[in-house]
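Examining the three-dimensional arrangement
One letter stands for each residue in the lines below.
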Amino acid sequence: MGIIKAEDLSYNYIKLGEDEKTEEVSEAVRNVSIDIHAGEFVAILGHNGSGKSTLAKHMNALLLPTEGTIWIDGRDSRDEDALLAIRQTAGMVFQNPDNQIVAGVVEEDVGFGPENMGVPTEEIWERVDRSLEAVGMTAYRKSSPNRLSGGQKQRVAIAGVMAMEPKCIVLDEPTAMLDPGGRREVIRTVRELNRKKGITVILITHYMEEVIHADRIYVMDEGQVAMEGTPEEIFTQVERLKELRLDVPQVTELAYGLRKRGVPLSPCILDEEQLVKEILEVRAGNVHNA
Amino acid sequence: MMRDITLGQYYPVQSPIHKLDPRTKLFGTVILIAALFVADNIFCYILAAAAVFAVIAASRVPVRHILKGLKPVLFLLIFSVIFNLFLTDGKVLVQFWIFKITREGILRSLLMAVRLIFLVMGTSLLTFTTTPNQLTDGLEKGLGFLKVIRIPVHEFAMIMSIALRFIPILVEETDRIMKAQTARGADFESGGLIKRGKAMIPLLVPLFISAFRRAADLAQAMEARCYHGGDGRTKMKPLRYRAADRISYVVMLAFLGADIALRVLL
Amino acid sequence: MSITLDHVEYKYSEGTPMETEALHDVSLEIRDGEFIGLIGHTGSGKSTLIQHLNGLMRATGGDILYNGESIYREGYSMKELRSHVGLVFQYPEYQLFESDVLSDVCFGPKNQGLSEEQAKARAIEALRLVGMGEEYDKRSPFDLSGGQKRRAAIAGVLAMKPEVLILDEPTAGLDPKGRDEILGQIARLHREQGLTVILVSHSMEDVAVYVDRLLVMDHGRLRFDGAPREVFSHYRELEEIGLAAPRVTYIAHALKEAGFPVRTDVITVAEAEEAILCTLNGTNEREKATP
């Protein structure tokens with residue numbers, strides 16, 4: 001079993017109907033089964049309202065399934081005694097950088113998680129030092145979060161999760177409110193944690209460029225898993241992605257367009273260098289054939 | 001701009017005052033307030049002024065910065081001065097129509113002003129030299145005895161520190177919504193009280209909605225980081241009294257004693 | 001309609017040690033019917049600049065003319081200026097406050113002094129323009145999806161019938177389809193209603209497709225002002241100020257450097273596709289031509 005495994009997970013929101021008496025059930029997540037292995041970098045794509053955020057909140061037991069089960073490192077999220085253990089295993093970073101920083105000083109915010117876990121004082125300091133180092137924010141440790149840029153705030157939030165020494169980080173649209181520079185900063189940090197520290201990363205986003213390096217992608221639609229596969233497998237299906245209100249990176253789109261017009265390129269090109277290489281080969285082939 | 005609002009914001013420099021235990025600083029603030037209320041003659045005020053300025057000097061927070069913190073209470077200050085100036089009976093110095101200014105009035109309004117200024121300076125000095133988290137810890141531990149009578153001290157302290165953290169964010173948000181509605185032709189500046197009150201709705205509704213959204217987000221983020229109240233929590237910066245704190249307590253008590261002595265003896 | 005900025009300067013906390021210059025000597029003219037993109041790093045002065053255009057911020061130096069008349073002239077009605085120059089802030093859905101969509105959109109026209117009836121007519125027109133049908137009129141704005149909320153908020157400004165529409169990152173946080181829909185609507189407003197549009201954006205790819213003039217801000221200065229193709233040809237300088245050209249421009253350059261003779265001034269996917277095909281076919285034909 002993987003570090004996060006869901007089986008037939010469904011989640012229903014209940015809200016009042018138009019007449020304010022009857023209850024309407026809206027299914028945010030329907031029969032989702034996923035299995036994420038330790039050390040993987042998994043991306044979850046989906047348009048606004050596709051249920052990807054709701055699914056993410058199950059991985060931290062912030063929401064409990066209406067039906068089905070989700071296990072985090074083997075623990076059933078409905079097991080109340082395991083709640084804190086689950087939250088330490090799978091830390092969460094949210095979309096709005098302002099609304100997840102608790103303390104008025106960077107280092108104190110990073111220490112917030114370990115404090116809640118009851119970690120002894122000296123160890124908290126060690127963890128804070130290590131986490132700030134890992135996200136490259138040591139220089140700002142005494143700063144007020146209000147003075148940081150969006151990307152820096154998100155890195156502080158990531159450090160706050162790292163200080164809990166989780167096996168897995170779930171990032172729920174961490175870049176949605178950032179500018180391109182901030183987005184790059186956050187993605188670079190997350191990829192590094194995955195590669196160097198072996199942290200399992202689950203990245204939820206609708207920026208296609210951010211997921212081309214993922215090991216695996218799930219695409220959500222109407223609360224269900226609509227597609228699953230490697231980035232190459234997913235981004236070959238340009239039309240299907242557009243149906244799901246998504247897109248492909250420009251490189252892929254260009255390659256797709258050329259291929260449609262008869263240029264013999266590989267079915268899915270995600271990488272700029274690869275595209276350049278293949279186009280050159282096509283040209284050389286043309287010359288050769290002639 | 002929001003960044004100009006200095007009241008209640010930590011000023012990050014290294015100083016002996018910054019290093020004191022927050023409980024010591026809280027106690028000092030209480031002493032200052034007590035001293036200011038005890039004070040009734042000029043010497044008491046001179047003593048208080050000396051004390052406040054000595055602490056400011058030791059804190060390395062620029063005086064200018066502290067004075068800026070007075071801006072939000074300027075209205076209150078002017079109001080209390082005018083109130084005291086015109087409504088105190090005594091030896092009349094100037095009189096016009098129904099207004100009269102008395103000698104006692106001038107003295108009293110001056111003293112009120114000084115009292116208020118020192119009060120704000122003293123308390124803002126507390127927040128300039130103490131991070132919200134330290135303040136929370138200080139209050140929590142300093143008032144810990146209240147837990148016996150089932151007052152949720154930890155929760156109150158947490159609420160306070162979060163409020164402090166979000167003040168600048170909400171002020172900035174207010175500014176943004178105000179501008180956005182102004183761009184839609186809203187007018188927050190002219191008209192009578194009722195018209196102005198009504199004009200606030202397009203500002204207040206979005207502001208409340210946003211504050212609630214932020215509160216919900218933050219609660220979720222705290223929960224995700226294992227927050228479950230004060231039980232079983234450890235501290236990254238536990239409170240420990242040092243020699244400097246002990247000395248401070250002695251000095252503060254001496255100050256209060258001197259203040260009372262000045263009042264009783266003079 | 002025209003807006004002229006004449007050596008505009010803006011300093012925060014002027015005269016104090018905290019003084020910072022947010023705009024430095026900005027001069028430009030915005031002409032009727034233009035579709036302008038405004039790009040720049042966060043903190044480059046973009047937001048400050050657009051807030052000057054409708055008088056929300058007041059320049060500390062220089063002058064701004066609307067139709068040749070200084071907006072700083074005594075007695076100039078800022079309120080009127082704001083109904084000519086509509087400004088949609090970032091995340092405009094956070095400023096919705098009424099209990100139903102229609103009433104919210106009426107807020108602007110009512111502030112302009114229109115009667116209930118007239119305001120309603122304007123609101124309905126604006127809502128249809130952004131593609132929101134009758135079924136949404138009586139819905140609570142808080143029940144809508146993110147993209148719909150955003151459109152309702154844009155309608156709130158459109159209902160004031162501005163001649164110039166300024167949008168600060170109208171697609172932030174939307175999914176790709178939602179982004180294309182909003183930008184498509186804006187392009188249509190520009191085309192069909194003759195609106196002058198200023199689009200603040202972080203996406204080089206988006207401005208490359210939509211705008212016909214591009215302004216680049218950096219450290220409070222206007223660094224570039226020209227057609228997107230021309231501005232993006234300075235991609236090295238753009239990188240120095242934290243910006244870039246669209247991805248496809250880089251691909252074209254990479255191809256050229258590798259000895260593939262392709263046009264490098266392409267800025268959209270469609271253009272790149274044509275250019276590459278052109279070179280490939282060119283080779284084909286040339287090779288075929290030589291027996």
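Predicted model, so just to flag it, every value in this text is computed and none were measured.

The next subject is the overall build of chain A. When you go through chain A residue by residue, the secondary structure sums to ten helices and ten strands. Its C-alpha atoms give chain A a radius of gyration of 21 Å, near enough to 19 Å, the size a compact globule of 290 residues would have. A principal-axis box enclosing the C-alpha atoms of chain A has dimensions of 75 × 55 × 40 Å. Sequence separation of 24 or more characterises 62% of the internal contacts of chain A that already satisfy a separation of 6 or more.

Its domain assignment divides chain A into domain 1 (38-60 + 80-231) and domain 2 (249-290). Relative to domain 2 of chain A, the C-alpha centre of domain 1 of chain A lies at a distance of 36 Å.

This next bit is on the nonpolar core. Looking at soluble globular proteins, one finds that nonpolar side chains tend to be buried together. Among the nonpolar cores identified, the biggest contains 52 residues, and A:Ile158, A:Ile169, A:Ile217, A:Val219 and A:Phe235 are the most heavily contacted of them. When residues of this core are assigned to their parent elements, the largest contribution, six residues, is made by helix H5 (residues 150-162) of chain A. In this structure, C:Ala152, C:Leu199, C:Met204 and C:Leu214 belong to the second largest nonpolar core, which totals 49 residues.

For the coordinates displayed, the defined rule picks out zero disulfides over all chains. Between B:Cys226, a cysteine without a disulfide, and A:Cys168, which holds the nearest cysteine sulfur, the sulfur-to-sulfur distance is 14 Å.

It is worth spelling out a nonpolar patch on the surface at this point. Residue and element names in this part refer to chain B. Side chains of Leu-93, Val-94, Phe-96, Trp-97, Ile-98, Phe-99, Ile-106 and Leu-110 sit close together on the surface and give an oily, nonpolar patch of about 850 Å² of accessible area. If you list the elements that add at least two residues to the nonpolar patch, you get strand E1 (92-96) and helix H6 (103-129). The element contributing the most residues to the nonpolar patch is E1, with three residues. By the secondary structure assignment, Leu-110 is in helix H6. A relative accessible area of 51% places Leu-110 in the exposed class.

Thresholds, definitions, all that
- Residues numbered from 1 in each chain as written.
- Chains lettered and ligands numbered in written order.
- Predicted model: local features only at pLDDT ≥ 70, side-chain atom pairs only at ≥ 80, totals over all residues.
- Heavy atoms only, no water.
- Helix = DSSP H or I, 4+ residues; strand = E, 2+ residues; numbered from the N terminus.
- Rg over C-alpha atoms; globule rule 2.2 N^0.38 Å.
- Contact = heavy atoms within 4.5 Å.
- Domains from an automatic or database assignment.
- Core = buried A, V, L, I, M, F, W, Y, C linked by side-chain atoms within 4.5 Å.
- Buried < 20%, exposed > 50% of the residue type's maximum accessible area, 1.4 Å probe, protein only.
- Disulfide = S-S within 2.5 Å.
- Patch = residues over 30% accessible without salt bridge, like charges linked within 9 Å, V, L, I, M, F, W, Y side chains within 5 Å.
- Areas by Shrake-Rupley, 256 points an atom, 1.4 Å probe, with all protein chains shown as cover.
- Salt bridge = Lys/Arg side-chain N within 4 Å of Asp/Glu carboxyl O.

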